[in-house]
Amino acid sequence: MAILTGEIELSGFSVIDAHLDRANIERLIQDITALDFPPTQAGIRNLLELLPSIRTLAQSPEIRSVVEPILGDSPGERLRQRVHVVRGIFFDKQPHANWKVPWHQDLTIAVKNRLEVPDFHPWSVKAEIHHVQPPVAILEQMLTVRIHLVRVASALPNRTDESNGALKVIPGSHTQGRLTAPDIDLWKQSPAISCNCQAGGILLMRPLLLHASSIATTPSHRRVIHLEYASCPLPSGLEWYYSDLQEENGVKRQW
């Protein structure tokens, strides 16, 4: 695990193949498909609220065992209470929703209410949820887990790769804080890596890491569950939109 943590700190990402078994993958695909969203819809933003199975996944030993050592600095129960999931999104790149994403960093977080707090700006609303760009210090205490649920009813490989729009990253680009457009142009000259991943594999990634994806050339279903974890509270009355630490048996838990 120390090797994994070092890889994340140095490169900003790591891929772990075949982390979830086939039965888990099939159950998750069935639950998400049952939401019956339009075929042209590229994803779902409030996944943690909609599906108990996603909340269970986010708290499972399979996921938390790789998240906690990276975000935590204390052992045992105290660490478990500090590291929590704060957002869940589902992406499905497929023939009816096949899009290109330019190089960018993930700079926004989802919060319950809009409050004017210094250094939290600009604000936006997506799917009726308030979003804001926090200070870099907050983003540096976050980790994204992308869980690949590829399933193809054909002879195509059951994996995410360049052909179906796998995420590309630029190693080390997370170390320079929030990047300007000229900064990004400079980083784009560095070698990029395609995060190819088998079904059930996970990509661990720092939000500040530059990443992009191309249009799929053989579009089928590139299904990804995107979970964001944090190890810090928000200041001055701001609250994460979703937090598994909010209540336990009706009692609000503390950081």
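Structure shown above.
Bear in mind the structure is a predicted one, so any value in this text is a computation, not a measurement.

Student: An account of the overall build of the protein is requested, with residue identities and associated values reported.
Tutor: For the protein, the helix and strand inventory stands at 8 helices and 17 strands. Burial statistics for the protein: of 255 residues in total, 48% are counted as buried. For the protein, the share of sequence-separated contacts (at least 6 apart) that also reach a separation of at least 24 residues comes to 78%. If you sum the accessible surface of the protein, you get close to 12000 Å²; carbon and sulfur atoms cover 54% of it.

Student: I'd like a rundown of the sheet that holds strand 11 (residues 193-194), residues and numbers included.
Tutor: Read across the sheet, 4 strands follow the order 4-14-10-11 without closing on themselves; strand pairing throughout is antiparallel. Looking at the sheet topology across the chains shown, the edges are occupied by strand 4 (101-104) and strand 11. Pairing geometry for strand 4 and strand 14 (residues 211-213), over 2 bridges, is antiparallel. Bridged to His 104 within strand 14 is His 211.

Student: Give a detailed account of unusual backbone geometry, specifying residues and quantitative values.
Tutor: The omega torsion across His 121 and Pro 122 is -5°, close enough to zero to call that bond cis. Among the secondary structure elements, Pro 122 is positioned in the loop between strand 5 (109-111) and strand 6 (123-126). Even without a glycine there, the phi angle at Ala 127 is positive, about 55°. With respect to the element layout, Ala 127 can be found in the loop between strand 6 and strand 7 (129-132). Even without being glycine, Glu 128 reaches a positive phi, approximately 65°.

Student: Please provide a residue-by-residue account of empty space enclosed by the protein, values included.
Tutor: This structure, assessed with the given rule, holds 1 cavity of 30 Å³ or more. Volume-wise, the largest cavity comes out at about 100 Å³. Forming the walls of the largest cavity are 13 residues, and the residues nearest its centre are Arg 45, Asn 46, Arg 87, Gly 88 and Tyr 241. Residue assignment for the lining of the largest cavity shows that the elements contributing at least two residues are helix 3 (47-50), strand 3 (84-93) and strand 7. Of the residues contributing to the lining of the largest cavity, the split by class is 7 nonpolar, 3 polar and 3 charged.

Student: Can you explain the packing of helix 2 (residues 22-33) against helix 4 (residues 52-59)? Please cite residues and give values.
Tutor: Running from amino to carboxyl end, helix 2 crosses helix 4 at an angle of 145°, the nearest separation of the two axes being 9 Å. Every residue of helix 4 that contacts helix 2 at Leu 28, Asp 31 and Ile 32 is listed here: Ser 53, Ile 54 and Leu 57. By residue class, the composition of the contact of helix 2 with helix 4 is 4 nonpolar, 1 polar and 1 charged.

Student: How would you sum up the packing of helix 4 against helix 5 (residues 61-71)? Please name residues and give values.
Tutor: Interaxial distance between helix 4 and helix 5 falls to 5 Å at its minimum, and their mutual angle equals 45°. One finds that helix 4 runs oblique with respect to helix 5. The segment helix 4 lies against helix 5, with Leu 57, Ala 58 and Gln 59 engaging Pro 61, Ile 63 and Arg 64. In the contact of helix 4 with helix 5, the residues fall into 4 nonpolar, 1 polar and 1 charged.

Student: Before we move on, can you summarise the state of the cysteines with the specific residues and values?
Tutor: Across all of its chains, the model carries 0 disulfides by this definition. You can see Cys 197 has no disulfide; the closest cysteine sulfur is in Cys 195, sitting 8.4 Å from it. Exposure remark for Cys 197: the relative accessible area of 0% places this residue in the buried category.

Student: Explain the pattern of salt bridges to me, and be specific about the residues and the numbers.
Tutor: Once their charged atoms are close, side chains differing in charge can pair, the charge on each being opposite to the other. Under the criterion given, the structure shown has 6 salt bridges. One salt bridge in this structure joins Glu 239 and Lys 112, with 3.9 Å as the shortest N-O distance. Of this pair, Glu 239 sits in the loop between strand 15 (222-230) and strand 16 (247-248) while Lys 112 sits in the loop between strand 5 and strand 6; the two residues are 127 residues apart in sequence, bridging distant segments of the chain. We classify Glu 239 as partly exposed; its relative accessible area is 30%. Among the salt bridges present, the one from Arg 114 reaches Glu 116, with a minimum N-O distance of 2.8 Å. Note on Arg 114: relative accessible area 46%, which makes it partly exposed.

Procedures and definitions
Residues numbered from 1 in each chain as written. Predicted model: local features only at pLDDT ≥ 70, side-chain atom pairs only at ≥ 80, totals over all residues. Heavy atoms only, no water. Helix = DSSP H or I, 4+ residues; strand = E, 2+ residues; numbered from the N terminus. Buried < 20%, exposed > 50% of the residue type's maximum accessible area, 1.4 Å probe, protein only. Contact = heavy atoms within 4.5 Å. Areas by Shrake-Rupley, 256 points an atom, 1.4 Å probe, with all protein chains shown as cover. Pairing = 2+ DSSP bridges. 1 Å grid on protein atoms, 1.4 Å probe; cavity = no way out; pocket = protein on both sides within 12 Å on 5 of 7 lines; lining within 4 Å. Points joined across faces, edges and corners; volume = space filled by probe spheres on them. Nonpolar A, V, L, I, M, F, W, Y, C, P; charged D, E, K, R; others polar. Axes fitted to C-alpha atoms, helices over the stretch in contact; angles between N-to-C directions. Parallel < 35°, antiparallel > 145°, perpendicular 65-115°, else oblique. Disulfide = S-S within 2.5 Å. Salt bridge = Lys/Arg side-chain N within 4 Å of Asp/Glu carboxyl O.

Shape is all these values report; function is a separate question.
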